Amino acid sequence: MFENENIFILELCKFKTYDKNKLKELIEKSLDYPYILGQLLFNRVGGVAYYVLKECNLLSKLNREFRNSLKAIYDSNTQKTNSFLISLEDLSEMFKSADFNYALLKGSYLVYLYEKGLRTSNDFDILINQEDITKLSNVLKENGFVQGYIRNEQFIPATRTEIISSRMNRGETVPFIKTVDLPQMKFCEIDINFSLDFKAKQENDAVKNILKRSEELISTKTGNLFTLSASDFLIQLCVHLFKEASIFNWVEMGRDLSIYKFMDIYLFITLFMNNKLASELEKTIFEFDLHNECYYSFLYAKQLFGIENADFDELIKKIQPNDLSYLNQIISPSDGNVYAYDMDFESWLFFSKRKEQLYEVKHD
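A quick note: this is a predicted structure, and the numbers were derived from the prediction, not measured.

Asks: Account for the overall build of the protein chain, with residues named and values stated.
Replies: Broken down by element type, the protein chain carries 16 helices and 11 strands. Compactness check: the protein chain gives a C-alpha radius of gyration of 21 Å against a globular reference of 21 Å for 364 residues, within 12% of the reference. Across its three principal directions, the C-alpha atoms of the protein chain cover 60 × 50 × 40 Å. In the protein chain, which comprises 364 residues, the proportion classed as buried is 51%. The long-range fraction of contacts in the protein chain, counting pairs at least 24 apart against all pairs at least 6 apart in sequence, stands at 70%. Accessible surface, the protein chain: about 17500 Å² in total, of which carbon and sulfur atoms supply 45%. Looking at the protein chain, you have 43 positive and 53 negative side-chain charges, and the mean spots of the two groups are 4 Å apart.

Asks: So, unusual backbone geometry: which residues are in play, and what are the values?
Replies: Of note, Lys 106 is a non-glycine position whose phi angle comes to about 45°, a positive value. For Lys 106, the position within the fold is in the loop between β1 (102-105) and α6 (107-110).

Asks: Let's hear about the environment of Lys 212: which residues, and what values?
Replies: For Lys 212, the location among the structural elements is in helix α9 (residues 203-212). Using a relative accessible area of 63% as the deciding quantity, one classes Lys 212 as exposed. Linking Lys 212 and Phe 233, residues 21 residues apart in sequence, is a C-alpha distance of 13 Å.

Asks: I'd like to hear about the side chain of Asp 256, residue by residue, with values.
Replies: Within the element layout of this structure, Asp 256 appears in the loop between α11 (248-253) and α12 (259-272). Overall, Asp 256 belongs to the buried group, its relative accessible area being 1%. At 2.9 Å, the side chain of Asp 256 and the side chain of Arg 354 are in polar contact.

Asks: Give me the lowdown on the sheet that holds strand β9 (residues 329-332), citing residues and values where you can.
Replies: Taken in spatial order, the 3 strands make up an open sheet running β9-β10-β11, and their pairing is antiparallel. Each of the sheet's edge strands pairs with one partner strand only, and the pair in question is β9 and β11 (359-362). Strand-to-strand twist across the sheet, computed as the mean angle between neighbouring axes with direction ignored, equals 40°.

Asks: Please provide a residue-by-residue account of the environment of Asp 125, values included.
Replies: In this fold, Asp 125 is placed in strand β2 (residues 124-128). Between the alpha carbons of Asp 125 and Pro 157 there is a distance of 19 Å; along the sequence they are 32 residues apart. Setting aside residues no more than four positions away along its own chain, Asp 125 makes contact with Ala 103, Leu 104, Leu 105, Lys 106, Asp 191 and Asn 193.

Asks: Pulling in residues and values, what's your account of helix α15 (residues 310-319)?
Replies: One turn of an α-helix holds 3.6 residues; hence residues three or four places apart share an orientation. Listing the buried residues of α15 in full gives Phe 312, Leu 315, Ile 316 and Ile 319. Down the axis of α15, the sector holding all buried residues measures 100°, keeping them to one side. Among the exposed residues of α15, those oriented more than 90 degrees off its buried face are Ala 310 and Lys 317. Against α12, α13 (275-287) and α14 (291-305) lie the buried residues of α15.

Asks: Explain the packing of helix α10 (residues 230-245) against α13 to me, and be specific about the residues and the numbers.
Replies: Look at α10 against α13: their axes get within 9 Å of each other, and the N-to-C directions meet at 55°. As far as their axial angle goes, α13 and α10 are oblique. For α10 against α13, the interelement crossing comes out right-handed. Every residue of α13 that contacts α10 at Ala 230, Ser 231, Asp 232, Leu 234 and Ile 235 is listed here: Leu 277, Glu 280, Leu 281, Thr 284 and Ile 285. Of the residues belonging to the contact of α10 with α13, the class tally is 6 nonpolar, 2 polar and 2 charged.

The rules behind each value
- Residues numbered from 1 in each chain as written.
- Predicted model: local features only at pLDDT ≥ 70, side-chain atom pairs only at ≥ 80, totals over all residues.
- Heavy atoms only, no water.
- Helix = DSSP H or I, 4+ residues; strand = E, 2+ residues; numbered from the N terminus.
- Rg over C-alpha atoms; globule rule 2.2 N^0.38 Å.
- Buried < 20%, exposed > 50% of the residue type's maximum accessible area, 1.4 Å probe, protein only.
- Contact = heavy atoms within 4.5 Å.
- Areas by Shrake-Rupley, 256 points an atom, 1.4 Å probe, with all protein chains shown as cover.
- Lys, Arg positive; Asp, Glu negative; His and termini not counted.
- Charge placed at Lys NZ, Arg CZ, Asp CG, Glu CD.
- Polar contact = N/O pair within 3.5 Å; in protein donor to acceptor, adjacent residues only side chain to side chain.
- Pairing = 2+ DSSP bridges.
- Axes fitted to C-alpha atoms, helices over the stretch in contact; angles between N-to-C directions.
- Arc of directions from axis to C-beta.
- Parallel < 35°, antiparallel > 145°, perpendicular 65-115°, else oblique.
- Left-handed = near helix turned anticlockwise from the far one by under 90°.
- Nonpolar A, V, L, I, M, F, W, Y, C, P; charged D, E, K, R; others polar.

Printed below as a string of structure tokens:
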């Protein structure tokens with residue numbers, strides 16, 4: 001129904017490899033711009049779309065309300081990124097005295113790979129060993145962070161019962177939050193992770209080993225911060241993406257799929273993929289049995305963004321699982337039920353009522 005519109009959206013997201021002539025040809029067609037705008041904003045890629053159209057000198061060919069909306073998002077993203085970078089500088093000051101291994105995940109490193117205005121992050125994710133949670137908690141508390149939640153733009157402190165329950169029952173800590181009142185960033189929120197969602201027999205050993213090979217790749221004015229090595233970082237993105245894309249609760253919330261998550265992988269592959277990285281990825285994927293998660297993420301990132309890289313193609317072949325039926329299945333962990341859908345992936349991604357298209361294939 002929106003075939004040309006969806007092609008246009010995905011082309012706008014290829015900010016490293018876009019085809020200007022293809023975009024011009026699509027603009028000359030009668031496109032549904034309200035639909036396009038909605039999808040761009042819902043998938044958190046409005047800033048990227050504005051950047052690409054500006055680079056191609058195509059903004060003047062578009063409806064004023066459409067381009068002004070994208071510009072507002074781009075400007076807001078730029079402000080938010082500047083605030084995010086200020087908070088990273090504060091974190092680097094805090095972590096100078098850290099006597100434990102840690103790694104900042106996702107946006108904290110990606111913010112340096114994207115140009116300003118293209119991608120934003122809502123919080124800071126930190127991976128540590130489980131036994132170091134108290135040490136990190138003390139560092140955060142000493143610097144004004146309090147455990148709690150943001151509800152309706154207001155900070156609500158967590159009760160002692162909530163803090164204990166979250167740790168014991170869900171294996172996670174209540175977020176640490178500090179009011180910073182920066183532009184587009186009222187609060188600085190830190191989520192502590194001590195699990196990788198890897199199917200490792202020794203989860204704690206897996207985290208320990210991965211943290212040992214973390215690298216000081218995040219450079220700020222006040223010092224450097226650790227993040228995962230390139231292969232571990234990319235795998236963590238894949239595992240996180242797949243977890244949300246394949247779990248029923250996320251489909252139910254309408255938060256299972258978002259183009260920006262695949263865009264992160266597209267950017268990483270475009271910037272860094274070579275034979276050495278492909279070998280490191282293959283080794284870790286086999287070590288932790290992450291074939292399903294990485295094959296899913298790589299396959300669809302390549303499909304959506306048209307990634308052309310021989311080393312990447314070879315890696316995808318090597319990690320392909322024997323059984324591919326899982327690619328269109330959704331799992332409900334609470335009851336073990338398995339659901340499926342009958343759509344190609346691109347149609348599934350853009351379909352707004354995905355839950356309604358699921359049917360049960362296995363009942364536990």
